[in-house]
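Breakdown of the fold
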Amino acid sequence: MDITIRRAEKRDCVRLLELIQELAEYEKAPNEVTVTLSHFEESGFGANPVWWGFVAEVAGVVVGMALYYVRYSTWKGQRMYLEDILVTAEMRGQKIGSLLFDTLIKEAKEKKFTGMNWQVLEWNEPAINFYKKYNANLDPEWHNGSIVF
């Protein structure tokens, strides 16, 4: 199988939103995706992008994605924050997730980020096991906080 990893482009946004919806369904939150296509496109490809990403293609079809943004730590400096990484259910087990994750690591090093952060749900054993292959530190001490406006 020929797998291509490339930077996400504006033309990918419709497909990326489909993958984001697939992820929301997997995470048992199918109604939580409320971002519009226009907002998503503007946020990634407008005058002041706030997210960047990579896609995995097989035979011209996007089957995986990884989206990140820059997070600033007052203790560590600029860090990559992995917002979402997903490989479609039918394509899992083909090392596509590893190709995407390795690409993120390379990008973070090239941009001289001091590291990468992300969240993973405590019940998501496949994802936890994936991250453990990278010797990731999964910290159970911190609670997530948010406010919705």
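Residues numbered from 1 in each chain as written. Predicted model: local features only at pLDDT ≥ 70, side-chain atom pairs only at ≥ 80, totals over all residues. Heavy atoms only, no water.

The end-to-end C-alpha distance of helix α3 (residues 96-110), which contains 15 residues, comes to 21 Å, matching closely the 21 Å that a straight helix rising 1.5 Å per residue would cover. Within the span of α3, buried status applies to Ile96, Gly97, Leu100, Phe101, Leu104, Glu107 and Ala108. Take α3 and look down its axis: the buried residues cluster within an arc of 135°, on one side only. More than 90 degrees from the buried face of α3, the exposed residues found are Lys106, Lys109 and Glu110. Of the surrounding elements, those touching the buried residues of α3 are β1 (3-7), β2 (52-58), β3 (61-73), β4 (77-87), β5 (116-117) and α4 (125-132). (Helix = DSSP H or I, 4+ residues; strand = E, 2+ residues; numbered from the N terminus. Expected span 1.5 Å × (residues − 1). Buried < 20%, exposed > 50% of the residue type's maximum accessible area, 1.4 Å probe, protein only. Arc of directions from axis to C-beta. Contact = heavy atoms within 4.5 Å.)

Here we come to the sheet that holds β5. Overall, mixed pairing links the five strands, which are arranged β1-β2-β3-β4-β5 in an open sheet. Each edge of the sheet is formed by a strand with only one pairing partner; in this case those strands are β1 and β5. Two strands pair when backbone bridges link them, and β1 and β2 are joined in this way by five bridges, in the antiparallel orientation. Along β2, the bridge assignment pairs Ile3 with Val58. Here helix α1 (residues 13-26) sits on the sheet and contacts β2, β3 and β4; the angle it forms with β3, its principal contact strand, is near 80°. Where α3 meets the sheet, its contacts fall on β1, β2, β3, β4 and β5, and the angle it forms with β4 comes to roughly 165°. (Pairing = 2+ DSSP bridges. Axes fitted to C-alpha atoms, helices over the stretch in contact; angles between N-to-C directions.)

Further remarks concern the side chain of Arg79. Secondary-structure assignment places Arg79 in strand β4. Buried and without a salt bridge, Arg79 has Asp139 as its closest oppositely charged side chain, separated by 11 Å. A polar contact of 2.7 Å, which involves the side chain of Arg79, links it to the side chain of Asn117. Excluding residues that lie within four positions of it along the chain, Arg79 makes contacts with Tyr69, Val70, Arg71, Ser73, Phe113, Thr114, Gly115, Met116 and Asn117. (Lys, Arg positive; Asp, Glu negative; His and termini not counted. Salt bridge = Lys/Arg side-chain N within 4 Å of Asp/Glu carboxyl O. Polar contact = N/O pair within 3.5 Å; in protein donor to acceptor, adjacent residues only side chain to side chain.)

This paragraph deals with the packing of aromatic side chains. Considering all chains together, one arrives at twelve aromatic pairs under this definition. Plain terms: the ring middles of Phe101 and Tyr131 are 5.7 Å apart, the flat faces sit at 50° to each other, and that makes the pair tilted. Here the residue Phe101 occupies a position in helix α3, and Tyr131 occupies one in helix α4, the gap between them amounting to 30 residues. Centre to centre, the rings of Phe130 and Tyr134 are 5.5 Å apart; their planes meet at 55°, and the pair counts as tilted. Aromatic ring contacts, followed pair by pair, group Phe101, Trp118, Phe130, Tyr131 and Tyr134 into a single cluster. Above the plane of the ring of Trp123 lies Lys28, whose end atom (NZ or CZ) is 3.8 Å from the centre. Here the basic side chain of Arg92 rests over the ring of Tyr26, its NZ or CZ set 5.3 Å away from the ring centre. (Phe/Tyr/Trp six-rings, centres within 6.5 Å; stacked < 30°, edge-to-face > 60°. Lys NZ or Arg CZ within 6 Å of the ring centre and 35° of its normal.)

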